[in-house]
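Inside the fold
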Amino acid sequence: MSALGAPVSAAASAILDELNDEQRAAVTHGAGPLLIVAGAGTGKTAVLTRRIAWLIAEKRARPEEILALTFTDKAAAEMESRVDVLVPYGFVGATLSTFHAFGDRLVRDHAIELGLTSQLRVGSRADLLVFLRERLFELGLERFLPLGRPDQHLDALLTVFDRARDEDVSPEHYLAFAAALAAAAGDDPEKRDRAAAELEKARVYQTYQRLLFAHGRVDFSAQISLALRLLRERPYLRREYQERFRFILVDEFQDTNHVQFELLKLLAGPNANLTVVGDDDQSIYRFRGAKIENLLGFLDVYPHARVLVLRRNYRSGQRILDLAHRMVRHNDPERLEARDPERFAKRLVAARAIEGEVVHWAFETGHDEADAVASEIAATVRSGARAPREIAILGRTHVHLDPFAFALRAQGVRFQRANQRGLYQRPEVLLCLNALRTVANPADSTASYAVLGDPLFGVDPVELATLSATARRTHRPLLELAGRAAHEEGALSPGSVEAILRFVELNRRLLEIAPRRPTSDVLYALVSESGLLGQLSATDTAEAAEQMQNLNKLFGIVTRVGPLLISDRVPDFIGHLDLLIDAGDDPQAAVVDPDDDAVQLLTAHNAKGLEFSCVYLVQLIEGRFPMKSRTDPLPFPPELDRRQDPKAEHEREERRLFYVGMTRARDRLVLTHAADVGGKRTRKVSRFVVEALELSAAPRLRQGATASESIARHAPAPSPPPPTIGPLPEDRPLELSHGRIDDYLTCPWKYRYAHVMQVPIATDPRAMYGIAIHNALNEYLQRRVRGLPVDADAVLQAFEHSWSSEGFYSREHEERRLAEGRAVLHRFVAREEGSGRTPLGVELPFKFHFGSNVVSGRWDRIDEGPAGIVLVDYKTSQVEDPVAATERARRSARTGQLGLYALAYHETRGVAPARVQLSYVSTGSVGEAMVDVETIDAARLRISEAAAGIRAAQFPAKPDPVSCRHCPFNRFCPYRSPGLDL
């Protein structure tokens, strides 16, 4: 029987297996608001995913009536994969998403209602800084425009704007507030000065938003605020979404900000079938705008909500839980448990029959602390007592983990630092940036020195140092001097001569194309002609794959930042990038295999949601954990901030973060600190250690390293063997798409380049043109589906907003292609208007399971014909002959994309489509093929063949003259078809 007394189906019974009473009650809750307070390790993700599956299995809701929201792509993907396992058949259509992705989709789908383009570009923080620098004197800055560094305050202003949107403060609201301050200031000079500052911030906020929208751009916080504005201002849309999403579930509710909760309230509507899961003791993202008051005040908004508390912990030993609870209670009375001890009793009870070990180590110096932790880990790993992946070192910041990384390296222990910034300092990225600097300024001797000394070129170090010293002494550019020396007989060794001439020639070719090509094209010429891509792609290790993915990240930055610049050329790009680096911008480097068997070095924030057998919580001293409170350079007005007092809340959040760190440990928790970590004074042990252990006296220091041991720590570390890319286990999902399947079946070595190594490819204007046309078609067809007026200008605007100048041979080439695209769209709109047809669906995503593989994609268009469903895929290639178009459609149905799309429809809708079509937008030709059993079976066979090879990590080359000619990696592939003319 269910919680409501109704019979439970067999499917629902399986979903409820192995749940405790509190979890079962949460999963089987019927209608109305539900607050689940889930302590650390109590299975909140299992409850959320099983509740979704239960609602579907019990037919309380169709999948498309369920919306589940969380905060990271990883959490959303994990939630989706768990639900997929619980409901393997018929589960399609539910929306499991991050808040930002959901808001972004809402805004794009209804951009016309906001007067925006649906092809909005979401900018990162770095992108927006570049955008503002390019338009600095359009912002109207006066007070916040220092003449020495006019861009100095831009980052601080962006923080103010983010806070405003998180608190649901529009530019108009901010202006009204500032005007009221000015009116009330009278003759008080301090009040007048503050009012003037707030007025300038408010005006710049308004100008910033106007400039973003005018250029088709938004930032991350605007994704949510615009979605909220849309639902507020369009009652019919609000009702539509309330009726569509009958059940809403929210993970990590304590991390929501004000505007996110306002959005949830509008989506939930009067029925309020809203389930939120959270833990006030794990609210640790105030710096991102998180508002713990949302969780503490949920019952004020929904006073009749059902409340369930999950107390059974399936992770940690009881002693670990008890000490963590003792420590976090120092946040009383600002905790749910303190406000209502009976209703929210949160002392966790261990489900595992172990006590759990808690150890405290105190040291004289930070070096001793790091060495002791690394030595014990090395001994543990070598003895086989624990696998490396079962051990974690947690610090308050990434910098605090540096000594431990050094000590582990000295011990020869493999470790991994996820989410660590430092992309620009990776050798392969630094090489590219320095080479670009020599293009921006050939006289940049520092950059030339770095490139010539890199192993890719490998000038003899002694000879390079001599050349560099001569360049400084004679005030001549190093590259010029080195080039001349290379032509002087006997001046340099043959190896140095070859290396210098190779780079001088490469630099010359790059300088030739740089004035007329965007930065991304110059970068691609650099990595391909230098041999860097060929060298990395030929090395079959995870380390090489990581380096390649870092290059891919650099390409992503270049292609994202370039269009923001008034002139997308190397000197402008390097100038702005160097300013960003000076300002502290440094993206995360790639991590190829997060499941690599390595010790994990993480910040306490990054460790949220993870667990380890043994956790070392390190550098636990006052000033580091807890960190000192820092104020924003430009404060957000406290009158507009709906959160608690920041100074009072800071220590409470630091304590909650310490609680998160403690509760990551399953079996053993080691708390460490050192009195001397550098600086002029000794440090006190963290108050949180004192609170957890109830220390009554200073701890006794452990024996430190001897002088000889301290010297030995600087000896070269034994290098562990580089990790290799192994097979994918059957219990791990494999993400597949038409592109991935086709790449593998065409040539597994090509698949390895594209999807394992992620080798960057040159900008292809044909691909960009196709994307821009598809976006314009989507704009037109979405309006047709919704019955909205179709404006040809809006279609062309969508096309032009998606346009990029990268890859074209010349300005004339680009202008001709633009004109062609406009003409194609005019003809398409005329044909569609004359046909009278309205699509059933446009740009609809699909996803289905094929064994343990997940196949995903998107249908361009779905129509309904006399014989049944027709799947339409749009193509921009020039095919005029209807016979040729039909033959292509039949071939695609038998062995390609259309066959896969037909199978996807069959798997997700339970019935096969009647026909599939290729519609050639440029010519109006249509190729069509019937769908039969052979079509479906052939698609299944292709998936099986590709999945088996990919899972086995089998990537043999299959050179073929035709496929090699069209392969983007043919310039450096060692297996390309012999005699291929490039």
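Worth saying up front: this structure is predicted, and the values here are computed from it rather than measured.

Brief notes about the side chain of Asp641
- Among the secondary structure elements, Asp641 is positioned in the loop between strand S15 (612-617) and helix H29 (646-662).
- The residues touching Asp641, leaving out its near neighbours within four places in the chain, are Arg163, Glu167 and Phe636.

Details of the packing of helix H23 (residues 478-486) against helix H24 (residues 494-513)
- The contact between H23 and H24 brings their axes to 9 Å, and the two run at 130°. When the axes of H23 and H24 are compared, the pair comes out oblique. Considering only the axes of H23 and H24, their crossing is left-handed. Packed against H23, whose contacting residues are Leu479, Ala482, Gly483 and Ala486, the element H24 presents Val497, Ile500, Leu501, Phe503, Val504 and Asn507 at the interface.

Topic: the side chain of Glu252
- Tracing the backbone shows Glu252 in the loop between strand S6 (247-250) and helix H13 (258-268).
- Residue classification places Glu252 among the buried positions, given a relative accessible area of 14%.
- A polar atom in the side chain of Glu252 sits 3.1 Å from the side chain of Lys44.
- With residues near it in sequence (within four places) discarded, Glu252 still touches Lys44, Phe71, Val277 and Lys608.

Digging into the environment of Arg108
- Here Arg108 is to be found in helix H5 (residues 99-109).
- Spatially, the C-alpha atoms of Arg108 and Ser892 are 31 Å apart, while their sequence positions differ by 784 residues.
- In terms of polar contacts, Arg108 uses its side chain to reach the side chain of Asp104, at 2.7 Å.

As for unusual backbone geometry
- Residues Asp332 and Pro333 are joined by a peptide bond in cis, for which omega reads 10°.
- Counting through the fold element by element, Pro333 comes out in the loop between helix H16 (318-328) and helix H17 (336-339).
- Phe625 connects to Pro626 through a cis peptide bond whose omega is 15°.
- The topology assignment puts Pro626 in the loop between S15 and H29.

Observations regarding helix H39 (residues 933-951)
- For H39, which comprises 19 residues, the first-to-last C-alpha distance of 27 Å matches the rise-based estimate of 27 Å (1.5 Å per residue) to within 8%.
- Taken as a whole, H39 has its buried residues at Thr935, Ile936, Ala939, Arg942, Ile943, Ala946, Ala947, Gly949, Ile950 and Arg951.
- The opening residue of H39 is Asp932, an N-cap whose side-chain oxygen sits 3.2 Å from the backbone nitrogen of Glu934.
- Ala953 occupies a position one or two residues after H39 and carries a positive phi of about 55°.

Topic: the confidence of the model for the protein chain
- Summarising the model, the protein chain shows a mean pLDDT of 87, and 93% of its residues fall at 70 or more.
- By mean pLDDT, helix H31 (residues 707-712) is the weakest element of the protein chain at 58, and S15 is the strongest at 97.
- With pLDDT under 50 throughout, residues 1-6 is counted as low confidence; its partners more than four residues away or in other chains account for 9 contacts.

Re the pairing of strand S20 (residues 868-875)
- Summarising burial for S20: 7 of the 8 residues are buried, a large majority.
- Direction of pairing for strand S19 (residues 853-865) relative to S20: antiparallel, over a ladder of 5 bridges. By the bridge assignment for S20, Arg861 is matched with Val872.
- The turn joining S19 and S20, which pair antiparallel and follow one another in sequence, is formed by 2 residues.
- The pairing of S20 with strand S21 (residues 915-920) spans 6 bridges and is classified as parallel.

Thoughts on the layout of surface pockets
- Size it by volume and the second largest pocket reaches roughly 660 Å³.
- As for the second largest pocket, its lining consists of 31 residues, of which Pro563, Trp803, Ser804, Ser805 and Glu814 are closest to the centre.
- Only helix H35 (792-801) and helix H36 (811-835) provide two or more residues apiece to the lining of the second largest pocket.
- Among the elements that take part in the lining of the second largest pocket, H36 stands out by supplying 5 residues, more than any other.

A word on the packing of aromatic side chains
- This structure, assessed with the given rule, holds 32 aromatic pairs.
- Judged by centre distance (6.4 Å) and plane angle (55°), the ring pair of Tyr174 and Phe177 falls under tilted. Of this pair, Tyr174 and Phe177 both sit in helix H9 (residues 171-185), 3 residues apart, which is roughly one turn of that helix.
- Between Tyr769 and Phe799, the ring centres sit 6.4 Å apart and the planes meet at 90°, which makes this aromatic pair edge-to-face.

Things to note about H24
- Its 20 residues place the ends of H24 29 Å apart at the C-alpha level, agreeing with the 28 Å of an ideal helix rising 1.5 Å per residue.
- Three or more residues of H24 are buried, namely Ser496, Val497, Ala499, Ile500, Phe503, Leu506, Asn507, Leu510 and Ile513.
- Looking at the packing, one finds that the buried side of H24 touches helix H20 (427-440), helix H21 (445-453), helix H22 (461-474), H23 and helix H25 (519-529).

Things to note about the environment of Thr746
- Tracing the sequence through the fold places Thr746 in helix H32 (residues 738-746).
- Put simply, Thr746 and Asp960 are 214 residues apart on the chain and 9.1 Å apart in space, counted from C-alpha to C-alpha.
- Sequence-distant contacts of Thr746, that is, excluding residues within four places in its chain, are made with Lys958 and Ser963.
- One polar contact links the side chain of Thr746 to the main-chain carbonyl oxygen of Asp742, over a distance of 2.7 Å.

Section: the nonpolar core
- Grouped together as the largest cluster of nonpolar side chains are 102 residues, with contacts concentrated most on Leu141, Tyr174 and Leu523.
- Every residue in contact with Leu141, bar those within four places of it in the chain, is listed here: Leu136, Leu154, Leu157, Glu200 and Val204.
- Among the nonpolar cores identified, the runner-up in size contains 46 residues, and Leu35, Leu69, Leu263 and Leu274 belong to it.

What to know about the environment of Ala499
- Here Ala499 is to be found in helix H24.
- Relative accessible area serves as the criterion here: at 0%, Ala499 is assigned to the buried category.
- Along the primary structure Ala499 and Arg352 are separated by 147 residues, whereas in three dimensions their C-alpha atoms are 62 Å apart.
- The residues touching Ala499, leaving out its near neighbours within four places in the chain, are Phe457, Gly458 and Val459.

Points about the pattern of salt bridges
- Counted by the stated rule, this structure contains 73 salt bridges.
- In this structure, Asp162 engages Arg165 in a salt bridge whose closest nitrogen and oxygen atoms are separated by 3.8 Å. Of this pair, Asp162 and Arg165 are both found in helix H8 (residues 154-166), 3 residues apart, which corresponds to roughly one turn of the helix.
- Measuring nitrogen to oxygen at the nearest pair gives 3.7 Å for the salt bridge that ties Arg656 to Glu653. Remark: Glu653 and Arg656 occur in helix H29; sequence separation between them is 3 residues, near one turn of the helix.
- A single salt-bridge network, built from bridges that share partners, covers Asp279, Asp280, Asp281, Arg329, Asp332, Arg335, Glu337 and Lys346.

Looking at the packing of H22 against H23
- Where H22 contacts H23, the axes come no closer than 9 Å and their chain directions differ by 125°. In terms of orientation, H22 and H23 fall into the oblique class. For H22 against H23, the interelement crossing comes out right-handed. Residue-level inspection shows Leu464, Leu467, Ser468, Thr470 and Ala471 of H22 in contact with H23, the latter providing Leu478, Leu481, Ala482 and Ala485.
- The class makeup of the residues in the contact of H22 with H23 is 7 nonpolar, 2 polar and no charged.

Some words on the sheet that holds strand S1 (residues 34-38)
- With parallel pairing, the 6 strands of this open sheet are ordered in space as S3-S2-S6-S7-S1-S8. The open sheet is flanked by strand S3 (95-98) and strand S8 (306-310), the only strands paired with a single partner. Within the sheet, the average angular offset between the axes of one strand and its neighbour, ignoring direction, is 15°.
- With respect to the sheet, helix H3 (residues 44-57) is in contact with S1, strand S2 (66-70), S3, S6, strand S7 (274-278) and S8, its orientation differing from that of S6 by roughly 170°.
- Set on the sheet, H5 makes contact with S2, S3 and S6; between it and S3 the angle comes to about 110°.

Description of the sheet that holds strand S13 (residues 415-416)
- Spatial ordering of the open sheet is given by S11-S16-S15-S12-S14-S13, a layout of 6 strands whose pairing is parallel. In this open sheet, the two edge strands, each paired with only one partner strand, are strand S11 (357-365) and S13.
- Of the pairings in the sheet, the one linking S13 to strand S14 (residues 599-603) comprises 2 bridges and is parallel in character. The partner of Gln416 across the bridge, within S14, is Gln600.
- Against the sheet, helix H18 (residues 366-383) touches S11, strand S12 (391-395), S14, S15 and strand S16 (665-676), its axis set at about 140° to S11.
- Its contacts with the sheet put helix H19 (residues 402-411) on S12, S13 and S14, and the angle it makes with S14 is roughly 170°.

How each quantity is defined
- Residues numbered from 1 in each chain as written.
- Predicted model: local features only at pLDDT ≥ 70, side-chain atom pairs only at ≥ 80, totals over all residues.
- Heavy atoms only, no water.
- Helix = DSSP H or I, 4+ residues; strand = E, 2+ residues; numbered from the N terminus.
- Contact = heavy atoms within 4.5 Å.
- Axes fitted to C-alpha atoms, helices over the stretch in contact; angles between N-to-C directions.
- Parallel < 35°, antiparallel > 145°, perpendicular 65-115°, else oblique.
- Left-handed = near helix turned anticlockwise from the far one by under 90°.
- Buried < 20%, exposed > 50% of the residue type's maximum accessible area, 1.4 Å probe, protein only.
- Polar contact = N/O pair within 3.5 Å; in protein donor to acceptor, adjacent residues only side chain to side chain.
- Expected span 1.5 Å × (residues − 1).
- pLDDT = per-residue confidence, 0-100.
- Pairing = 2+ DSSP bridges.
- 1 Å grid on protein atoms, 1.4 Å probe; cavity = no way out; pocket = protein on both sides within 12 Å on 5 of 7 lines; lining within 4 Å.
- Points joined across faces, edges and corners; volume = space filled by probe spheres on them.
- Phe/Tyr/Trp six-rings, centres within 6.5 Å; stacked < 30°, edge-to-face > 60°.
- Core = buried A, V, L, I, M, F, W, Y, C linked by side-chain atoms within 4.5 Å.
- Salt bridge = Lys/Arg side-chain N within 4 Å of Asp/Glu carboxyl O.
- Nonpolar A, V, L, I, M, F, W, Y, C, P; charged D, E, K, R; others polar.

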